[in-house]
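Letter by letter, the chains look like this.
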Amino acid sequence: MSKRTIGILGGMGPLATADLFQKITLHTAAIFDQEHPRVCIDSNTNIADRTAALLHGGADPVPEMLKSAQRLESMGADFLIMPCNTAHNYYHAVAGSVSIPVLHMIAITRDALVARGVRCAGLLATDGTIQTGIYQRTFVGSGVELLTPDNEADQAAVMGVIYNGVKAGDLSHDPSAFRAACEHLLARGAEVLILGCTELPLAFRLYSLDDTQFPSIDPTLELALAAIRAAGCQTK
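Think of each chain on its own: its residues are numbered from 1, step by step along the sequence as written. Given that this is a predicted model, residues contribute local features only at a pLDDT of at least 70 and side-chain atom pairs are listed and counted only at 80 or more, while totals for whole chains, interfaces and linings are drawn from all residues. Each side-chain value is derived from all of the structure's non-hydrogen atoms; neither hydrogens nor water enter the calculation.

Peer 1: It is not clear to me how the environment of L221 should be interpreted in this structure. Could you clarify?
Peer 2: Mapped onto the secondary structure, L221 falls in helix 11 (residues 219–230). Overall, the relative accessible area of 23% leaves L221 in the partly exposed class. Sequence separation between L221 and M105 is 116 residues, and the spatial gap between their C-alpha atoms is 9.6 Å. Not counting residues within four places of it along the chain, the set of residues in contact with L221 comprises K23 and H27. Helix numbering and strand numbering both begin at the N terminus, where a helix is a DSSP run of H or I of at least 4 residues and a strand a DSSP run of E of at least 2. A 1.4 Å probe rolled over the protein chains alone gives each residue an accessible area, and that area as a share of the maximum for its type sets the label: buried under 20%, exposed over 50%, partly exposed in between. Residues count as neighbours in contact if any of their non-hydrogen atoms are within 4.5 Å of one another.

Next comes the structure, spelled out in structure tokens:
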């Protein structure tokens, strides 16, 4: 199989976009440059906030998302990936705007959990992702039960570490409330935590959250692995 070019519809946010590209690079089994996939990235920071649009009447992110998708196709991308969970509420609009495939990060994450035999997972995500139910809809019939934070304080802590921590670039952000939210989901029966916002794998790293204490699945990594394979390369 000849190599296919990956198009990253990014900017949602910029650090999450960089994280996806780094994971593609680190997890490609390559011993020289030419064995890596070709990657086109449009880190389009003009895309409006997805949660604000979905829940609070904010600016529509779709026009800029479609511009990016079409731009990436014109650059030679053979398929697209989006490092933003909430943006998958607009997946069909993006997929319908181009003639190339668009991988679905949430469906890929679902399939990875099913393959691991997970029966119950705790979903950590933005208000937009939680309240629109995109994970719940995608997981229908999978046999994986989804738990979400069951009180306002825990969900506020998740939003805080995403927006006030990672997106704001605040390395001094106090993660203690977020840590408690994770503990509560595990105590309710979650076998793993879904890091269902692309800032959350970064939060785990930036704020030194212990992966052994908080077993998790990283949708960004699952998307990276799927993209490497779709590009015709081998994964580590």
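Read on for the rest.
Peer 1: Quick question: what am I supposed to make of the environment of G96 here?
Peer 2: In this fold, G96 is placed in helix 4 (residues 91–96). Residues G96 and A69, spaced 27 residues apart in sequence, show a C-alpha to C-alpha distance of 10.0 Å.

Peer 1: How should I be thinking about the pairing of strand 2 (residues 39–43) in this particular structure?
Peer 2: Here is the key point about a regular strand: its side chains alternate between the two faces of the sheet. Residues C40 and D42 line the buried face of strand 2, whereas the alternating positions V39, I41 and S43 sit on a face that is not buried. Here, strands pair whenever DSSP counts at least two bridges between them. Two elements, strand 1 (residues 6–10) and strand 2, share 5 bridges in a ladder whose sense is parallel. Of the residues in strand 2, the one forming a bridge with G10 is S43. Crossover handedness is defined by viewing with both strands directed away from the observer: a clockwise path from the first strand over the helix to the second marks the crossover as right-handed. Handedness of the strand 1-helix 1 (residues 14–26)-strand 2 crossover: right-handed.

Peer 1: Help me understand the packing of aromatic side chains in this model?
Peer 2: Centre distance within 6.5 Å is the pairing criterion for rings of Phe, Tyr and Trp, where only the six-membered ring of Trp is used; planes under 30 degrees apart are then read as stacked, over 60 as edge-to-face, and the remainder as tilted. As enumerated under the stated definition, the model contains 3 aromatic pairs in all. For the pair F178 and F204, a centre-to-centre distance of 6.1 Å together with 80° between the ring planes defines the contact as edge-to-face. With F178 in helix 9 (residues 176–187) and F204 in helix 10 (residues 200–206), this residue pair connects regions lying 26 residues apart in the sequence. Across this residue pair, the class does not change: F178 and F204 are buried. Judged by centre distance (6.4 Å) and plane angle (70°), the ring pair of F204 and F214 falls under edge-to-face. Of this pair, F204 sits in helix 10 while F214 sits in the loop between helix 10 and strand 7 (216–217), placing them 10 residues apart in sequence. Both residues of the pair, F204 and F214, count as buried. Through a chain of ring-to-ring contacts, three or more aromatic side chains come together here, namely F178, F204 and F214. In this arrangement the basic side chain of K167 is found over the ring face of Y163, its NZ or CZ atom lying 5.7 Å from the centre. A ring is considered to have a charge above it if a Lys NZ or an Arg CZ atom is located within 6 Å of its centre and within 35 degrees of its normal.

Peer 1: How do you make sense of the environment of A30 when you look at a structure like this?
Peer 2: Along the chain, the position of A30 falls in the loop between helix 1 and strand 2. Given the relative accessible area of 21%, A30 is considered partly exposed. Placed 108 residues apart in sequence, A30 and T138 show a C-alpha to C-alpha distance of 33 Å. Here A30 is in contact with E35 and H36, once residues within four sequence places are set aside.

Peer 1: Quick question: what am I supposed to make of the nonpolar core here?
Peer 2: Nonpolar side chains in soluble globular proteins tend to be buried together. Counting 22 residues, the largest nonpolar core has L124, V158, V161, F178, C182, L200 and F204 as its most contacted members. Of all the secondary structure elements, the ones that give two or more residues to this core are strand 4 (120–124), helix 8 (152–167), helix 9, strand 6 (192–195) and helix 10. Among the nonpolar cores identified, the runner-up in size contains 20 residues, and L72, A77, Y91 and V102 belong to it. The set of buried Ala, Val, Leu, Ile, Met, Phe, Trp, Tyr and Cys residues whose side-chain atoms join them within 4.5 Å is what this entry labels a nonpolar core.

Peer 1: What am I meant to see in the packing of helix 5 (residues 105–115) against helix 11 here?
Peer 2: Each pair of packed helices can be described by the angle between their axes along with the distance between the axes. The axes are straight lines fitted to the C-alpha atoms, using for helices just the contacting stretch, and the angles between their N-to-C directions are given from 0 to 180°. It is at 9 Å that the axes of helix 5 and helix 11 come closest, and there the two elements cross at 95°. Compared by their axis directions, helix 5 and helix 11 come out roughly perpendicular. Residues M105, I108, T109 and A112 of helix 5 pack against P219, T220, E222, L223 and A226 of helix 11. Residues were grouped as follows: Ala, Val, Leu, Ile, Met, Phe, Trp, Tyr, Cys and Pro as nonpolar; Asp, Glu, Lys and Arg as charged; and all remaining residues, including Gly, as polar. For the contact of helix 5 with helix 11, a count of residues per class yields 6 nonpolar, 2 polar and 1 charged. Here roughly perpendicular refers to angles of 65 to 115 degrees, roughly parallel to angles under 35, roughly antiparallel to angles over 145, and oblique to all remaining angles.

Peer 1: Sorry if this is basic, but what is going on with the pairing of strand 6 here?
Peer 2: A two-sided burial pattern is seen for strand 6, the buried positions comprising V192 and I194 on one face and L193 and L195 on the other. When strand 4 meets strand 6, the two strands line up parallel, connected through 4 bridges. Note that in strand 6 the partner of A121 across the bridge is V192.

These values are about where atoms sit, not about what they do.
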